[in-house]
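Chain residues, written in single-letter form:
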Amino acid sequence: MGLDFSVVPSYFGVLLMGAGWTIAITICAGILSFFGGIVFAVIALYAHWALRLPVRGFAFLFMGTPLLLQLFLIYFGLIQIGIDLPAFVAGVIGLGLHFAVYNSELIQASILAVDKGQYEGARTLGLSRGQTLRRIVIPQAVRAVIPPMGNNMIALLKDSALVSVIGVMELTLAAQQAISRTYRPFEFYLAAAFCYYIVNLALEAGLRHLERRIAASR
Amino acid sequence: MTDQAFVTIKNAAKSFGTFEVLKDINLTVQRGQIVAIIGPSGSGKSTLLRAINELDPLSSGEVWLEDVQINKKLPYRQYEAHVNQVRQDIGMVFQHFNLFPHLTVRGNITLAPRMLKGLSEAEANKLAEEQLAKVGLSEKIDEYPSRLSGGQKQRVAIARALAMKPKVMLFDEATSALDPELVEEVNQVMKQLAEEHMTMIIVTHEMDFAASVCDRVLFMDQGVVVEEGPPSVIFQNPENERTRNFLRKHLSR
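Residue positions are given per chain, counting from 1 as you read along its sequence in written order. To label them, take the chains in the order written and letter them from A, then take the ligands in the order written and number them from 1. The predicted origin of the model limits local features to residues at a pLDDT of at least 70 and limits the giving and counting of side-chain atom pairs to 80 or more, whereas totals for whole chains, interfaces and linings rest on all residues. As a convention, hydrogens and water are excluded, and side-chain values are obtained from all of the structure's heavy atoms.

1. Overview of the pattern of salt bridges
- Salt bridge, as used here, is a side-chain nitrogen of Lys or Arg placed within 4 Å of a carboxyl oxygen of Asp or Glu. Under the defined criterion, the tally for this structure stands at 17 salt bridges over all chains.
- For the salt bridge of Glu 120 of chain A with Lys 116 of chain A, the shortest nitrogen-to-oxygen distance reads 3.7 Å. Placement of the pair is Glu 120 of chain A and Lys 116 of chain A together in helix α5 (residues 116-125), with a separation of four residues, close to one helical turn.
- To sort residues, take the accessible area from a 1.4 Å probe on protein chains only and compare it with the maximum for the residue type: under 20% means buried, over 50% means exposed, and anything in between is partly exposed. Accessibility expressed as a relative area gives 11% for Glu 120 of chain A, which makes it buried.
- One salt-bridge network, held together by shared partners, links Lys 116 and Glu 120 of chain A together with Arg 50 and Asp 56 of chain B. Only DSSP runs of H or I covering at least 4 residues are called helices, and only runs of E covering at least 2 are called strands; the numbering of each starts at the N terminus.

2. Focus on the confidence of the model for chain B
- Averaged over chain B, the pLDDT score is 93; the fraction of residues at 70 or greater is 98%.
- Overall fold confidence (pTM) sits at 0.89, and the ipTM for the predicted complex is 0.92. Known as pLDDT, the predictor's confidence for each residue is given on a scale from 0 to 100.

3. Brief notes about the packing of helix α3 (residues 67-77) of chain A against helix α4 (residues 87-112) of chain A
Residue and element names in this part refer to chain A.
- Lines fitted to C-alpha atoms define the axes, with helix axes restricted to the stretch in contact, and inter-axis angles between N-to-C directions lie between 0 and 180 degrees. In contact at an axis separation of 9 Å, α3 and α4 are set at 135° when each is read in the N-to-C sense. In terms of their interaxial angle, α3 and α4 are classed as oblique. Here α3 and α4 pass one another in a crossing that is right-handed. For the pair α3 and α4, contact is made by Leu 67, Gln 70, Leu 71, Ile 74 and Tyr 75 and by Ala 87, Ala 90, Gly 91, Ile 93, Gly 94, Leu 95, His 98 and Phe 99, respectively.
- Amino acid classes used here: Ala, Val, Leu, Ile, Met, Phe, Trp, Tyr, Cys and Pro are nonpolar; Asp, Glu, Lys and Arg are charged; the rest, including Gly, are polar. Residues of the contact of α3 with α4, tallied by class, amount to nine nonpolar, four polar and no charged. Orientation labels follow simple angle bins: below 35 degrees gives roughly parallel, above 145 gives roughly antiparallel, 65 to 115 gives roughly perpendicular, and whatever is left gives oblique. Crossing handedness follows the turn of the near helix against the far one: under a right angle anticlockwise gives a left-handed crossing, and clockwise gives a right-handed one. Here a residue-residue contact requires only that any non-hydrogen atoms of the pair lie within 4.5 Å.

4. Digging into the packing of aromatic side chains
All names here are of chain A.
- Pairing of aromatic rings covers Phe, Tyr and Trp, the last through its six-membered ring, and needs centres within 6.5 Å; plane angles under 30 degrees mean stacked, over 60 mean edge-to-face, and all others mean tilted. Using the criterion set out here, one finds nine aromatic pairs over all chains in the structure.
- For the pair Phe 34 and Phe 35, a centre-to-centre distance of 4.9 Å together with 85° between the ring planes defines the contact as edge-to-face.
- Residue Phe 34 is classed as partly exposed on the basis of its relative accessible area, which comes to 21%.
- Each ring, one from Tyr 75 and one from Phe 76, has its centre 4.9 Å from the other, and the planes form 65°; the classification is edge-to-face.

5. Observations regarding the interface of chain A and chain B
- Contacts between the two partners involve 22 residues from chain A and, on the opposite side, 26 residues from chain B.
- What counts as buried area is the accessible surface, traced by a 1.4 Å probe, that two parts surrender upon association, with contributions from both included. At the boundary of chain A with chain B, total buried surface from both sides reaches about 2200 Å², with 57% on carbon and sulfur atoms.
- Inspection of the chain A/chain B interface yields three salt bridges.
- Put simply, Arg 50 of chain B and Glu 120 of chain A hold a salt bridge, and the shortest N to O gap is 2.7 Å.
- Here a polar contact is recorded for every N or O atom pair within 3.5 Å, except that within protein the pair must consist of a potential hydrogen donor and a potential acceptor, and residues adjacent in sequence are included only if both atoms are side-chain atoms. Inspection of the chain A/chain B interface yields ten residue pairs in polar contact (both at pLDDT 80 or more).
- Among the elements of the structure, α5 and α6 (129-159) of chain A are those that each provide at least two residues to the side of chain A that touches chain B.
- Take the side of chain A that touches chain B: its biggest share by element is eight residues, from α5 of chain A.
- Residue composition of the side of chain A that touches chain B, grouped by class: six nonpolar, nine polar and seven charged.

And the structure:
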């Protein structure tokens with residue numbers, strides 16, 4: 001049985017839907033990981049130990065265990081204690097928190113790298129510590145961290161394939177469905193890979209555009 | 001207006017560990033007076049200046065602005081609130097400008113007035129335009145600091161401080177980081193402030209500027225004020241040997 005890509009176009013709609021869900025889950029989890037990363041970073045650097053230690057424990061947990069397992073825990077595990085999340089939501093939370101922990105590491109380093117003169121400039125005007133952090137330090141730290149955080153976002157997009165295991169009809173699962181009907185794994189996995197690649201190119205172009213836009217304000 | 005103690009420093013002392021940076025310094029600055037602090041590096045002049053707005057709090061002694069003690073001993077929260085309040089009245093200009101790179105010139109100037117004085121966007125914009133016109137940079141209002149020269153950055157930093165309508169301005173070697181050809185434009189702005197009778201305390205290495213603009217000059221060395229007086233006396237006829245030695249090195253250019 002040779003390769004036959006002629007079956008792919010008839011499942012184009014299915015793959016497109018799958019790609020749509022992949023993009024949706026990447027955007028939602030990306031946003032969660034971005035803001036979550038800032039919150040975790042601020043807690044890690046400034047919060048009282050009663051908040052800092054549990055959050056650090058949680059971070060270790062998320063960094064030290066497989067994402068796949070985390071998704072199982074959130075989707076299948078939480079039901080047992082009465083939290084029944086839709087698969088999409090569970091996927092967003094799992095991916096989002098997982099990458100929030102990685103983003104937090106970047107943002108912490110970046111916050112610490114903000115020049116001491118920036119604090120002095122702001123405090124001298126009369127801004128409080130909190131105001132200085134919110135308006136001066138974090139915006140600068142986030143700008144500095146956008147290139148490496150972009151790499152995390154690309155990793156997030158690729159890892160979003162894992163949510164197929166909890167039944168989110170994203171690109172990988174869509175390809176599997178097409179395969180189960182046509183018995184053409186090579187063609188459809190390749191088509192799915194191609195779709196990921198295209199979405200990734202778009203994401204990278206977006207990130208480059210963002211970097212250029214903020215270049216003057218760094 | 002005259003003879004009114006405006007900034008008062010009483011028995012100021014500060015040490016880092018066993019090293020005494022400031023030893024029992026007393027200084028009274030009247031409203032509208034312009035005081036230069038000169039001296040070799042490590043003499044404590046920047047530390048003294050930074051003690052005035054609590055950037056480097058004193059170990060002992062008092063700092064007053066009019067009838068408000070700046071370095072009051074208070075519980076942490078009250079102290080923070082108090083310091084944030086009094087700093088609004090004390091403008092400071094730094095050697096390295098410390099402009100906020102993520103904000104435009106307009107954003108740099110309007111941030112604090114909007115956040116702390118509750119100005120509307122329109123009011124704050126008007127204020128930014130006024131202050132920029134004063135330092136001659138109206139056309140740069142929408143630029144980011146990275147697009148400005150050092151002299152322009154420092155003029156924006158001055159405009160940013162002035163936008164808070166401070167009662168006193170502190171200059172911490174405001175021209176030391178600038179290329180020689182850019183020093184004059186910043187000095188011009190400071191001269192103009194002097195003509196408007198802004199109270200200023202200026203830490204500087206530029207003796208010519210201190211001589212031409214200031215009412216009083218303090219010479220500091222090893223944490224003490226060695227000698228002070230009008231520039232005519234300090235620069236032409238200093239009494240102290242240390243002052244003479246210092247000036248010999250700095251005036252023979």
